[in-house]
Amino acid sequence: MEIYTLSEGSYSVDSTKKFIPFNPETDNRRDRPGSLFIHVNPFLIKTADDLILLDAGLGYKDTRDELILHQNIRNAGFEPEEVTLVLMSHLHYDHSGGLVVERGGQLLPSFPQARHVIQRQEFEFALTGTSSSYHKEIFEALQQSATIDFVDGDGEYKQGISYELSAGHSKFHQVFWMEFEGKKVFFGGDELPEPEQLIRKFVAKYDYDGHRSADLRIQYGKKAAAEGDICLFYHSRNITAGTISYNGEQFTVNTI
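Rules used throughout
Residues numbered from 1 in each chain as written. Predicted model: local features only at pLDDT ≥ 70, side-chain atom pairs only at ≥ 80, totals over all residues. Heavy atoms only, no water. 1 Å grid on protein atoms, 1.4 Å probe; cavity = no way out; pocket = protein on both sides within 12 Å on 5 of 7 lines; lining within 4 Å. Points joined across faces, edges and corners; volume = space filled by probe spheres on them. Helix = DSSP H or I, 4+ residues; strand = E, 2+ residues; numbered from the N terminus. Nonpolar A, V, L, I, M, F, W, Y, C, P; charged D, E, K, R; others polar. Buried < 20%, exposed > 50% of the residue type's maximum accessible area, 1.4 Å probe, protein only. Pairing = 2+ DSSP bridges. Right-handed = clockwise from strand over helix to strand, strands pointing away. Contact = heavy atoms within 4.5 Å. Polar contact = N/O pair within 3.5 Å; in protein donor to acceptor, adjacent residues only side chain to side chain.

(A) Looking closely at the layout of surface pockets. For the largest pocket, the calculated volume is near 940 Å³. In terms of lining, the largest pocket is formed by 37 residues, of which the most central are Val-13, Leu-36, His-169, Asp-190 and Tyr-206. Looking at the lining of the largest pocket, the elements with two or more residues in it are β4 (36-40), α2 (93-96), α3 (120-128) and α5 (196-199). Residue contributions to the lining of the largest pocket peak at four residues, all from β4. Class assignment of the residues belonging to the lining of the largest pocket gives a composition of 13 nonpolar, 13 polar and 11 charged. If you add up the space inside the second largest pocket, you get close to 150 Å³. In this structure, the second largest pocket is lined by Thr-47, Ala-48, Asp-49, Asp-50, Lys-158, Gln-159, Gly-160, Ile-161, Glu-179, Phe-180 and Glu-181.

(B) Spatial organisation of the pairing of strand β6 (residues 51-54). Burial of the side chains of β6 extends over both faces: Leu-51 and Leu-53 are buried on one face and Ile-52 and Leu-54 on the other. Here strand β5 (residues 43-46) runs beside β6; their pairing, made up of four bridges, is antiparallel. For Ile-45, the partnering residue across the bridge sits in β6 and is Ile-52. Between the antiparallel neighbours β5 and β6 lie four residues. Sheet analysis places β6 next to strand β7 (residues 85-87), joined by three bridges and oriented parallel. Along β7, the bridge assignment pairs Ile-52 with Leu-85. Handedness of the crossover joining β6 and β7 through helix α1 (residues 68-75): right-handed.

(C) Just the environment of Asp-55, in detail. When you line up the elements, Asp-55 lands in the loop between β6 and α1. Separated by 32 residues in sequence, Asp-55 and Leu-87 have C-alpha atoms that sit 6.1 Å apart. Among residues more than four places away in sequence, those in contact with Asp-55 are Pro-42, Leu-87, Met-88, Ser-89, His-90, His-95, Phe-187, Gly-189 and Tyr-234. Within the structure, Asp-55 has its side chain in polar contact with the side chain of Ser-89 (distance 2.7 Å).

Structure below.
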């Protein structure tokens, strides 16, 4: 099993929910009042049977009109067409923008050979267009041209991949546990997006259910520490993949 971080970089996001590139080395946070600052890290996992993408980033393009996500996959030694599974924690724009690519005025699936694993009610809500956190045109395009495997609640998608409806960050958010070749991986999406959220406990206002998310982080952290899981942190600036230690009071995150 091989794990790759497909970093799309750093961004600020304000009340308009627009994601603006932010370079921590040259840009000043004070110039963007009222903004959150985030890092965006989709992941790629190569197993004996699949090439798996975990969430799809913002879908921003480079100067050649190519998806940054596609180029990152090529940099890892693969082609986007080789992706066989796309596992989606939820469908907020910073996780789903890269599911499609604009070509000739049309939105087309970015991973046409892949099966997309999505919580059914998350997809249905995204299609309503009632929240600006979701861009419904993405999901309309997927409906027309992509292969979607809808899941409901908790379960096992296939051998080695299980999912759980966590419902903290968004109402129908899900997390994934994977086990391949004796290694265990946990992907918490925005339930456990940064290692700092284990070390510095807090309730986030941007979560659908902040108290539930805070409780889940502790549960997932303890489970990962007990079972030796590799945790993937989607919004981390520094440690994007690591193991967790817990001494009964405090968590420590270790880079792999």
